[in-house]
Each structure stands twice: as structure tokens, then as C-alpha cells.
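Architecture and fold: a report
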Amino acid sequence: MATGDEEVKSLSLYNRTSTLGGIYFLLLVNRMQMHYFILIMPVYLVHPYMVWGIVAMGLLSHLNLMMMSKWFTSSYAAKGYQGFLQLFGKRTVQVFAILGFLLILLKISIITLGYVEMLHNFIFPSMDKRWLILIILLISLYVASHGMENTLRFVVIAFLCGAWISVMFIPFFFQPDANYHDLYPLIPTEWSGQSWQGLLFIWSAFSGPVYLVFMVPWLSSNKKISKYLVIGNMLSIMEYLLLFVASVLFYGSYYLRKIDFPIGYMGSYIQTSGLERIDYILISFHMFNYVFDISILLLCFYGAGRIFMRKMKERTTRIGFWSSWLVILISIILMDQWLWQTVPGQNMLLNIQIWISSCIYLLIPTILFTAVKRKERM
């Protein structure tokens, strides 16, 4: 009876039946860079010369992904948790896990609150936002409960449901009232603190794939993996450029800074002969990307908790997994009540997330690249 109860309570979240190939790297890099921040990106950039900022940060992201490819193809990465122990030692890994636990909690909260804010503004204005938070997290819990391997495979659905959305904004380049003079100056006449903040924001928006370093056991360690990383990053650069230039042409720099969700409001102006309120459809399809992001982060959150609580030798359990989900739900609701509903609080959370994402995208690939190189020389 005791054995049966244990089987009922256990949950196989981190089992591996096969490794996913290079095309999954491409899709994962692209979708993990197209989260909530891409939808508010035009507000932070505003000036047309920031197209060069997107290109420059995108190329730097290429370099970062090339450094990460060194980790992906190393023997340490394939060992998962044991590989981290060999590189850094048990105590250091536990410290990393505690930091990661807090950072992942913040990121899940910002992503969820941002998307719920869009749903509330555009589709469900009279609905209590707490119900929307609960629904998004329940869907993510269901996806994540199928395990890391199946959740990673879910990226195919997220890509198919989300990649085409950017194409819907191409007509904004050719509308009669599109003023191409709004694209000038392409060379900045002055450089302010806001310009530096814009570059920092772009860098943080590219940072999503950094979480792939913890998922290598489920991914192929093929030596040619770097080309898939670069192609995925290139797709993101093109999507960033398309959405940003379309926003500048539609609003102009002056009005762009006054719009909370420029991409969302542009969606309401897309006209077809058969369908109205296309923005409802676009925002709804974005949900697949958010569910994928939150599900992956939920699994990472539970994994980090197991490491710092020294539970790695024990089987994953439903109680532990659902407790992690409950911690996230309560944290998001409290964050929404105390901070997100005020402009200063919301700006503070976004700025913290931008700085943290930028720092970890700079530090984690560099630390792993250096650690692997150092071990290989020993």
C-alpha cells in the first residue's frame, strides 16, 4: 500500500527518452526571445536610429550564443546536474540555485502580469485579473506536468502559433498615411540616458535562451549546433526590426512614447474583409508563447528548489511540483496587488527585470565558457 501511494505521488518530470535535434535549438532560441518584452519594445526605443541598436545587440547576442554553444557541446553539459557539480562544486551550485530560484520567480511574475494586463485591456476588461492569472498558470501547469522533454517539444506549437503574427504587420509599411520621414534620423544627433536604457532593454529582450544551458540533457550536443542558434537569433532580429519599424511608421516617434501597448493597438487597425477585431485573434495566439515560456520556467523553478533543498537524489513528486506552482501563484497575486497596479511599481518591476536579464545574459555564458575552457586545460 505504501509503495502504491508513493507511485501515485511521484511524477516523472525530468525523464529523458530521446534528445531533440538542432531544429529545436532554432525554435527554442527564437521563441524564448519573443516574450512579453517584445510587445512593449517600441515604447522603450522610440527613436528610429534604434534600428541600429537592434542590429548591434543582435550581433552581440550572436557572440553570446556562440559562447553558449561551447557549453552545449561539452561533456559537462550532457551530464546535467552532475556536470555543474564537476565544474563548480556542490556549495557553489546550491548558491546558484537559490539565486536562480528568485530570478525565475521574478521573470515568471513579470511575463504573466504583462500578458494578463494585455488580456485585461483588450479582451476581458470587466474580468477580475486574478482569474486571468489563475487560468494562465493552470494551463502552464498542465503543459509542464508532462515533463521537460514534452514541454520542450511544445515549442513547435508555440512557433507555429506565433511566428506568423509579425507578418500581419507588414501592411503598415505600405499604408497611405505611412510617413517615411518618421524613419529619420537614422544617425543619432544626440545620445541620452534614455538611449542607453533602450540598448539595455534590447539586450535583456535577447536574453531568453540563457535558460537553455540548464536543458542540455534533453537537447542534442551536435557540434554543428551553433548554426541553429545563429539562425534562431537572426529570426528574432528580423521580427524585432519588422515590429519596431512598423510602429515608428504608424505612430511616429512623438506619439509612440505615449502608447502602453503599441503592438496591441496596431492589431486593432488590421482590416480584413471577413474578420473584425483581428487584435483579439493575435493576442489569443500569443498565449501559446507565454504558456510555453511559463511552463519551461516552472520546471526550472521546481528544479532549482530541489537543488537548494538537497532533494536531487529523491524522485520528483506531485506535492513538490504543485507546491512550487502555488508559490508562484501567490507571489504573482501579491505582486499584482502591491506593485503592478501602480505606474511607479510597474516601472520598478520592469526595470529590475531588465537589469537582471541583461546581467545574467552577460554573465552566465561567460562563466560557463571560461569554466569549460579552464577544465579542458587541466
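Nothing here was measured: the structure is a model prediction, and the numbers come from that model. (Residues numbered from 1 in each chain as written. Predicted model: local features only at pLDDT ≥ 70, side-chain atom pairs only at ≥ 80, totals over all residues. Heavy atoms only, no water.)

Moving on, we get to the overall build of the protein. Summing up its helical and strand segments, the protein has 16 helices and 0 strands in all. Expected size for 378 residues packed as a compact globule is a radius of gyration near 21 Å; at 21 Å, the protein falls within 12% of this value. Counting only C-alpha atoms, the protein reaches 70 × 50 × 40 Å along its principal axes. The proportion of buried residues among the 378 residues of the protein is 53%. (Helix = DSSP H or I, 4+ residues; strand = E, 2+ residues; numbered from the N terminus. Rg over C-alpha atoms; globule rule 2.2 N^0.38 Å. Buried < 20%, exposed > 50% of the residue type's maximum accessible area, 1.4 Å probe, protein only.)

This part is about empty space enclosed by the protein. For the structure shown, the criterion picks out 3 cavities of 30 Å³ or more. Lining the largest cavity are 13 residues, and of these M34, I165, S166, L243 and H286 lie nearest its centre. Volume-wise, the second largest cavity comes out at about 70 Å³. Together, L39, M118, I165, F169, I263, G264, G267, D279, L282, I283 and H286 line the second largest cavity. With 4 residues, the top contributor of residues to the lining of the second largest cavity is helix α14 (residues 278–308). Each residue belonging to the lining of the second largest cavity can be placed in one class, and the counts come to 7 nonpolar, 3 polar and 1 charged. (1 Å grid on protein atoms, 1.4 Å probe; cavity = no way out; pocket = protein on both sides within 12 Å on 5 of 7 lines; lining within 4 Å. Points joined across faces, edges and corners; volume = space filled by probe spheres on them. Nonpolar A, V, L, I, M, F, W, Y, C, P; charged D, E, K, R; others polar.)

A few words now on the pattern of salt bridges. Under the definition given, this model contains 5 salt bridges. A salt bridge links E117 to K129; the shortest N-O distance between them is 3.1 Å. On the criterion of sequence distance, the pair formed by E117 in helix α7 (residues 90–122) and K129 in helix α8 (residues 129–144) is long-range, its members being 12 residues apart. Like K129, E117 is buried. A salt bridge links R130 to D128; the nearest nitrogen and oxygen atoms lie 2.9 Å apart. Using a relative accessible area of 32% as the deciding quantity, one classes D128 as partly exposed. One salt-bridge network, in which partners are shared between bridges, spans E117, K129 and D336. (Salt bridge = Lys/Arg side-chain N within 4 Å of Asp/Glu carboxyl O.)

Attention shifts here to unusual backbone geometry. Backbone torsion omega between Y184 and P185 reads 0°, so that peptide bond is classified as cis. The residue P185 is located in the loop between α10 (155–162) and α11 (193–205) in this model. A positive phi angle, near 60°, is found at V46, a position not held by glycine. One can find V46 in the loop between α3 (36–45) and α4 (50–72). On the basis of relative accessibility, which here comes to 0%, the residue V46 falls in the buried class.

Turning our eyes to something else, we now look at the side chain of E149. Its place among the elements puts E149 in helix α9 (residues 148–153). Side-chain polar atoms of E149 contact the side chain of T17, separated by 2.6 Å. Those residues in contact with E149, other than ones at most four positions away along the chain, are N15, R16, T17, S18, L20 and W218. (Polar contact = N/O pair within 3.5 Å; in protein donor to acceptor, adjacent residues only side chain to side chain. Contact = heavy atoms within 4.5 Å.)

Two elements in contact, α8 and helix α15 (residues 318–340), have axes separated by 11 Å at closest approach and are oriented at 155°. It follows that α8 is roughly antiparallel to α15 by the angle criterion. The chirality of how α8 crosses α15 is right-handed. Seen from α8, the contacting residues are K129, R130, I133, L134, L137, L138, L141 and A144; seen from α15, they are F321, W322, W325, I328, L329, I332, I333, D336, Q337 and W340. (Axes fitted to C-alpha atoms, helices over the stretch in contact; angles between N-to-C directions. Parallel < 35°, antiparallel > 145°, perpendicular 65-115°, else oblique. Left-handed = near helix turned anticlockwise from the far one by under 90°.)

On to the packing of aromatic side chains. Here the distance between the centres and the angle between the planes together describe a pair of aromatic rings. If you walk through the whole model with that rule in mind, you get 25 aromatic pairs. Ring centres 5.1 Å apart and planes at 45° place the aromatic pair W71 and F84 in the tilted group. In this pair, W71 is assigned in helix α4 and F84 in helix α6 (residues 81–88), connecting sequence segments 13 residues apart. F84 shares its class with W71; the two are buried. Ring pairs connect the aromatic residues F169, F172, F250, Y251 and Y269, which therefore count as one cluster. R306 extends its terminal NZ or CZ atom over the ring of Y302, reaching a point 5.9 Å from the ring centre. (Phe/Tyr/Trp six-rings, centres within 6.5 Å; stacked < 30°, edge-to-face > 60°. Lys NZ or Arg CZ within 6 Å of the ring centre and 35° of its normal.)

Another point: the layout of surface pockets. Taken as a whole, the second largest pocket spans an internal volume of roughly 420 Å³. In terms of lining residues, the second largest pocket is bounded by 15 residues, among which Y44, D260, Q346, N347 and L350 are the most central. Residue assignment for the lining of the second largest pocket shows that the elements contributing at least two residues are α3, α7, α11 and α16 (343–377). When residues of the lining of the second largest pocket are assigned to their parent elements, the largest contribution, 5 residues, is made by α16. For the lining of the second largest pocket, the per-class residue count stands at 7 nonpolar, 6 polar and 2 charged.

The next subject is a positive patch on the surface. Taken together, the side chains of K90, R91, R310 and K313 present a region of like positive charge at the surface. Along the chain, K313 turns up in the loop between α14 and α15. Overall, the relative accessible area of 87% leaves K313 in the exposed class. (Patch = residues over 30% accessible without salt bridge, like charges linked within 9 Å, V, L, I, M, F, W, Y side chains within 5 Å. Areas by Shrake-Rupley, 256 points an atom, 1.4 Å probe, with all protein chains shown as cover. Lys, Arg positive; Asp, Glu negative; His and termini not counted. Charge placed at Lys NZ, Arg CZ, Asp CG, Glu CD.)

Together, W52, Y184, L186 and I187 make up a nonpolar patch on the protein surface, roughly 490 Å² of accessible area in all. Structurally, L186 can be placed in the loop between α10 and α11. On the basis of relative accessible area, L186 is assigned to the partly exposed category, the value being 34%.

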